Amino acid sequence: MNIVTADFCAYLHAEVVGDKEVEHFEIHRVSVDSRTLLNDSTTLFFALVGPNHDGHAYIEELIRLGVTYFVVSDQSKIIQQPGVTYFVVQDTLHALQQAATWHRKKFDIPVVGITGSRGKTVVKEWLNFLLSNEYSIIKSPKSYNSQTGVPLSVFGMAEQHTIGLFEVGISTIDEMKHLQPIVQPTLGIITSLTSEHQDGFENEEQKIREKMELFVHTPIILGEKDSRIIAALPPTTTFITWSLTDSNSDLYGQVKGDKLIVLYNKVETFTVELPFTDEFAVRNCMTCILTMLVMKYPVEAIQARIKKLYAVELRLQVKKGINNCSIIDDAYSSDFQSLSIALDFLEKHRSNANKTVILSDVFHSGLEPKELYQQVNHLLTSYQIGKVICIGEEIGQYGKDSIAMRFFASTDEFLQKVSMDEFVDETILVKGARGFRFDKIVSLLEEKTHETVLEINLTAIRHNLNFYRSKLKPETKTMVMVKAFGYGHGSVEIAKLLEHEKVSYLGVAFADEGIALRKAGIKTNIIVMNPEISAFSAMLAYDLEPEIYSIRELQAFLQIVREKNAYQYPIHIKVETGMHRHGFVVQELNELIAILKHSNSVEVKSIFSHLSSSDMDIYQDFTLGQMELFEKSSTYIKEQLQIQPILHILNTSGIFNYASYQMDMVRLGIGLYGIGNDAGEMKQLRNVGTLKTRIMQVKEIDTAESVGYGRRFRAEHPTKIATVPIGYADGIHRVWGSNGGYVLIQNQKAPITGSICMDMLMVDVTAINCREGDEVIIFGEDLPTTIIAEAIHTIPYEIITSVSQRVKRIFFEE
Ligand SMILES: *Cc1c(COP(=O)(O)O)cnc(C)c1O
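Throughout this description, residue numbers start from 1 for each chain and increase along the sequence as written. Local features in this predicted model are restricted to residues of pLDDT 70 or higher, and side-chain atom pairs are both shown and tallied only at a pLDDT of 80 or more, whereas totals for entire chains, interfaces and linings draw on every residue. Water and hydrogen atoms play no part in the side-chain values, which are based on all heavy atoms of the structure.

Defined as follows: UniProt positions are given in the numbering used here, feature names are shortened, and annotations may be inferred rather than shown by experiment.
The protein chain has the name Alanine racemase in an unreviewed UniProt entry, where Myroides odoratus is given as its organism. The Cofactor (unreviewed entry) field of the UniProt record for the protein chain holds the comment "pyridoxal 5'-phosphate". Per UniProt, the comment on the protein chain under Sequence similarities (unreviewed entry) is "Belongs to the alanine racemase family."

### As for the UniProt feature "domain: Alanine racemase C-terminal" (unreviewed entry) in the protein chain
Operational definition: Secondary structure elements are defined from DSSP: runs of H or I of at least 4 residues count as helices, runs of E of at least 2 residues count as strands, and each element is numbered from the N terminus.
Within this structure's numbering, the places UniProt gives as "domain: Alanine racemase C-terminal" (unreviewed entry) are residues 688–812. In this annotation, residues 688–812 is assigned 14% helix and 36% strand; the end-to-end C-alpha distance for the span is 10 Å.

### Some points on the site of the ligand
Going by this rule: Residues are counted as near a molecule or strand when any one of their heavy atoms sits within 4 Å of it. All accessible-area figures derive from a Shrake-Rupley calculation using a 1.4 Å probe, and residue coverage is judged against the displayed protein chains alone. In this count, Pro and Cys sit with the nonpolar residues alongside Ala, Val, Leu, Ile, Met, Phe, Trp and Tyr, while Asp, Glu, Lys and Arg are called charged and the others, Gly among them, polar.
Near the ligand you find Met481, Lys483, Tyr487, Met529, Arg581, His610, Asn651, Thr652, Arg667, Gly669, Ile670 and Tyr797, and these make up its full shell. When the ligand is considered free in solution it has 390 Å² of accessible area, and contact with the protein chains removes 93% of it. Its residues placed into classes, the shell around the ligand shows 5 nonpolar, 4 polar and 3 charged.

### Quick look at empty space enclosed by the protein
Note the cut-off: Any residue with an atom within 4 Å of a point lines the site, the site being either a cavity, points on a 1 Å grid over the protein atoms alone where a 1.4 Å probe fits but cannot get out, or a pocket, an open set with protein on both sides within 12 Å along at least 5 of 7 lines. Grid points are joined across faces, edges and corners, and a volume is the space filled by probe spheres set on the points.
Enumeration over the complete set of coordinates arrives at 4 cavities of 30 Å³ or more. Estimates place the volume of the largest cavity at around 70 Å³. Lining the largest cavity are Leu691, Gly731, Ile732, His733, Trp736, Ile778, Phe779, Ile788, Ile799 and Val803. Put simply, the second largest cavity is a space of about 50 Å³. Ile190, Thr191, Ser192, Leu193, Glu224, Asp226, Arg228, Ile229, Trp242 and Arg283 together form the lining of the second largest cavity.

### Re the packing of aromatic side chains
The following threshold applies: Stacked, tilted and edge-to-face are the three classes applied to pairs of Phe, Tyr and Trp rings, where Trp contributes its six-membered ring and a pair requires centres within 6.5 Å; stacked means planes under 30 degrees apart, edge-to-face means over 60, and tilted covers the rest. We call a charge positioned over a ring when the NZ of a Lys or the CZ of an Arg lies within 6 Å of the ring centre and within 35 degrees of the ring normal.
Summed over all chains, the structure comprises 20 aromatic pairs. With 6.4 Å between their ring centres and 40° between their planes, Phe467 and Phe656 make a pair best called tilted. In this pair, Phe467 is assigned in helix α16 (residues 458–469) and Phe656 in helix α24 (residues 652–657), connecting sequence segments 189 residues apart. Feature note: the residues Phe8, Tyr11, Phe25, Tyr69, Phe87 and Trp102 constitute an aromatic cluster, connected by ring pairs. The ring of Phe280 carries the charged tip of Arg118 above its face, separated from the ring centre by 3.7 Å.

### Overview of the environment of Gln397
What counts is decided by this rule: Each residue gets one of three labels from its accessible area relative to the maximum for its type: buried under 20%, exposed over 50%, partly exposed in between, using a 1.4 Å probe on protein chains only.
Note that Gln397 resides in helix α13 (residues 393–399). Classification of Gln397 as exposed rests on a relative accessible area of 58%.

### Notes on the sheet that holds strand β13 (residues 238–243)
Filter applied, for reference: At least two DSSP bridges between two strands are required for those strands to pair. Only the stretch in contact is used when fitting a helix axis, every axis being a line fitted to C-alpha atoms; angles between N-to-C directions are given from 0 to 180 degrees.
Read across the sheet, 9 strands follow the order β9-β10-β8-β11-β12-β13-β14-β15-β16 without closing on themselves; strand pairing throughout is mixed. Of all the strands in the sheet, just β9 (137–139) and β16 (268–273) have a single pairing partner and so form its edges. Pairwise comparison of adjacent strand axes, ignoring direction, gives a mean angle of 20° for this sheet. Pairing of strand β8 (residues 111–115) with strand β11 (residues 187–190) involves 4 bridges; the strand directions are parallel.

### What about the pairing of strand β28 (residues 569–574)?
Counted only if it meets this: A right-handed crossover is one whose linking path, passing over the helix from the first strand to the second, runs clockwise when the strands point away from the viewer.
Burial within β28 is extensive, with 6 of its 6 residues counted as buried. Both faces of β28 are covered, namely the face carrying Tyr569, Ile571 and Ile573 and the face carrying Pro570, His572 and Lys574. Here strand β27 (residues 544–548) runs beside β28; their pairing, made up of 2 bridges, is parallel. Each residue of the ladder has a partner; that of Ile548, found in β28, is Ile573. Handedness of the crossover is the feature at issue here: the chain leaves β27, passes through helix α21 (residues 551–563), returns alongside β28, and the resulting connection is right-handed. As judged from the 6 bridges shared by β28 and strand β29 (residues 602–608), these two strands associate in the parallel manner. If you follow Tyr569 over to β29, its bridge partner there is Val602.

Printed below as a string of structure tokens:
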């Protein structure tokens, strides 16, 4: 895009700071994400400011990457440098939306705006598939439908496109009016309305009215014949309807087995083979059929294409792979836009330095293959992909000279010629169009564990971090504990997220946990809480900072530091205030001070202590006593050594209950993982981990028959038993079985019957209509670890850290 500076400024009400010379400039992309490796001299970066995130904080880093055009709102954060131009506006999000509106106005093509409660992404992806033969389509990538996602999607519009498909979501009032001018739909689609996501609205009518704001200037809207929609229609609009119950609608459908018989305009009737028969799939099919009819597609084309619709995978996941690899599974789509999203995801979540991409032919309607693969090559180079494997005739033909690495004509050829053991210590993005069946590759690369997985919601982790940060003053630093493998969740992936969120320190228990983080590329300061003397050398080599808790340990550490000629190596002094675990007692402080006074090989970066009962009201006086003693001890050390170290004492419950003692830093642990020590706190957190598996076998037993070792369960009536492949060796406490333990199947409680075995357990599913292969939830949002912990008289910490390493971790973002 070539942008004329004066016009741009006038449209955005922006003032230029920095290089005033440029009359116009050329950009290739708009970015709001500092982590995208595509950020370069052709990027226009909008420094968005959210309640917990400030894009201005990344300006310096971005300048280093070559970015020279910024839209900012906070002049004080500007870094003056030759060649760097800032557009200063009141509100950067508003400016992003205005700039997108400005871009949208350049195009006079049909644009389909899709909103509703459920099915937006599926309908958009399906229409993309259904219409792609005739149109060159620009669509929202993944589910980019928010206040930032919509403008970013619209910025993708370019000359070659002949139709736009954009989804639009809102979470509260007054949002749609900002998005409507950006999309300017010429055809509106409203998908299923449900009562989900109602929180931001006073009532359902208000929510629907707000959604319909998208269509204030749209001549035609398609949707279900629903009185709630009809009541909210803009006055000048024609509403074309479908229904599964009302034969007076424009398109009336009846499901018969896996066929859908439709009646259009009350005269034309035809039958469509359904690819899926669940309720929402049928509704989404009705929407797509009606759209095609309105767009004048012949019935034969509709019939031929609808039956080929496929399941849309909405989120990218990181899976644990063989040979210490991790796998990003995107074996469902291979359009150009989603490739850069997947590469971004790879960059954010990779746990290895080596990046590999297995890529099929790429689809991008509107571009000549030659140019397309040049762009693909540019992407892969920008993301510094070390190893690229291409599968497909077209990518082989056009990418041979540039994209490099290895080519295979088909997935089967690749599988025949390449042993998966060639992949070691890599993060592998597997990205291919569905027809390539890359799921076969994924299943070979995935670590062969059973079907049990611990799913970790990274978005929820971010939410929880922000919740605790909201209790703190802006200047208070955060340290996050990722010890014990991130409380059982996986330390590298979580540390990567925390690093981006700019936490000040990470805390691990042992040196090797810290070394693993460094090897994965984590640069944030790391404190080792239980350093062992034998690990000191390695700690220095990997820049890990020790907690110092005794004279003996300090002396040993000083010796190593001196041997290595280190100077002012950071250390953290732990003082004992009542926990009686480790730390310096008051009587030892003078000796400690005497040693430190005469050493410049170490520097006291922080002084801290640990509360024993911050979650227990009854020990409030004791806790306040700990604070007082800490205050005294730390002040004494500071005065004697004439230093200003960081002071910190609060853990999760401390932040919640004693925020006024936050001092310079807090140490967040369990709360990050969605577990609060009090019901009120818990309500404001989001669930992070879900441990799930699948039913192995279902069988019926008769009255008086028994289940499991020791015959501890006897059926009192004919009973249906499901066997589930998870046991105490996976971390399911055996006592849970005999203390009212249960799992969830189809969101219903299935009581554990008999004794939990090492690798299996059995549940009573008499009341549940379930089959082999159905999902079983061991814990998660609807069965929190707090319930299990209470029943078996332990704490959730023990439940989550017990999940064995043989259970595969899968990370995803919403
Ligand atoms: C584990 C730990 C924490 C975090 O405790 P939570 O209760 O999980 O918040 C804080 N400080 C120290 C020293 C710890 O060992």
